[in-house]
Amino acid sequence: AERFAPDAAWYIDTMASIIEIGGDLVEPKAAHNLRKLIAEGSGDEDEDEIDEQIRRNAVSTFLALFDKAVLPDALQQIMAWVIGEYGYTVGEERLPEMAQKLCQLADRPNSTAITKSYIVSALIKLTAQM
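Since this is a predicted model, take the numbers as computed values, not measurements. Within each chain, residue numbers correspond to sequence positions counted from 1 in written order. Only residues with pLDDT of 70 or above have their local features reported here, since the model is predicted, and side-chain atom pairs are shown and tallied only from 80 upward, although totals for entire chains, interfaces and linings are computed over all residues. For the side-chain quantities, the full set of heavy atoms in the structure was used; hydrogens and water were omitted.

1. Topic: the nonpolar core
- We call a set of buried residues a nonpolar core when its members are Ala, Val, Leu, Ile, Met, Phe, Trp, Tyr or Cys and they connect through side-chain atoms within 4.5 Å of each other. Classification of residues uses two cut-offs on accessible area relative to the type maximum, computed with a 1.4 Å probe and protein chains only: under 20% is buried, over 50% is exposed, and between them is partly exposed. By size, the foremost hydrophobic cluster in this structure holds 40 residues, and its most contacted members are I12, L34, I38, F62, V82, I83 and L102.
- At the level of elements, helix 1 (8–22), helix 2 (28–40), helix 3 (48–64), helix 4 (73–86), helix 5 (95–106) and helix 6 (113–129) are the ones that each hand at least two residues to this core.
- Contact between two residues is taken to exist if any of their heavy atoms lie within 4.5 Å; hydrogens are not considered. Ignoring anything within four residues of it in the chain, the contact list for I38 reads I12, R55, A58, F62, W81, V82 and Y86. Counting from the N terminus, the helices are DSSP H or I runs at least four residues long and the strands are E runs at least two residues long.

2. Structural notes on the environment of L105
- As for its position among the elements, L105 is in helix 5.
- Look at L105 and you get buried, because its relative accessible area is 1%.
- As a C-alpha pair, L105 and Y88 span 17 residues in sequence and 19 Å in three-dimensional space.
- When sequence neighbours within four positions are dropped, the list of residues in contact with L105 reads F66, L71, Q76, S111 and I119.

3. Section: the pattern of salt bridges
- What counts as a salt bridge is simple: a side-chain nitrogen of Lys or Arg found within 4 Å of a carboxyl oxygen of Asp or Glu. A full pass over the atoms with the stated rule returns five salt bridges.
- Ionic pairing is found between D67 and K101, a salt bridge with its closest N-O pair at 3.9 Å. One end of the pair, D67, is in the loop between helix 3 and helix 4; the other, K101, is in helix 5, with 34 residues separating them in the sequence.
- Take D67: its relative accessible area is 67%, and that puts it in the exposed class.
- Where E85 meets K125, a salt bridge forms, and the shortest distance between an N and an O atom there is 2.3 Å. With E85 in helix 4 and K125 in helix 6, the pair connects residues that are 40 residues apart, well separated along the chain.

4. Overview of the packing of helix 2 against helix 4
- In contact at an axis separation of 11 Å, helix 2 and helix 4 are set at 15 degrees when each is read in the N-to-C sense. Considering the angle they form, helix 2 stands roughly parallel to helix 4. The two elements helix 2 and helix 4 meet at a crossing, and its hand is right-handed. Here A31, L34, R35, I38 and A39 of helix 2 come into contact with helix 4, specifically with I78, W81, V82 and Y86.
- Gly falls in the polar group here, along with every residue not listed as nonpolar (Ala, Val, Leu, Ile, Met, Phe, Trp, Tyr, Cys, Pro) or charged (Asp, Glu, Lys, Arg). By residue class, the composition of the contact of helix 2 with helix 4 is eight nonpolar, no polar and one charged. Helix axes are fitted to C-alpha atoms over the stretch in contact, other axes to C-alpha atoms as well, and angles between N-to-C directions run from 0 to 180 degrees. Angles below 35 degrees are treated as roughly parallel, those above 145 as roughly antiparallel, those between 65 and 115 as roughly perpendicular, and all remaining angles as oblique. If you view the pair so one helix is near and one far, a crossing is left-handed when the near helix is turned anticlockwise from the far one by less than a right angle, and right-handed when it is turned clockwise.

Right, dumping it as structure tokens:
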């Protein structure tokens, strides 16, 4: 899917929807590829602004998912990772809000220990950025 995506924002939105719907049926490699795209961006060193926009879009996409009643573990892990790594891209003033949302995510009854470790890691990264 990544090769045929019209742009990175479309791919991120589409993969978030697929993982949300498919949950544990989605291959772990799909989540890895999504994280890799967000981390590496366009892959072109001259496209820093485009890479930053990709990360801002990813943060916005995943912030919007926090209010969903049911989120698969794989999606919660991606959300925590993206917010921890790139939450600062949407503005320093929003970091406390993101930390609060991550804490609420950790309190969900279906969060596994692995997911909670992603959340704690993200909270530490957010705290360092405040």
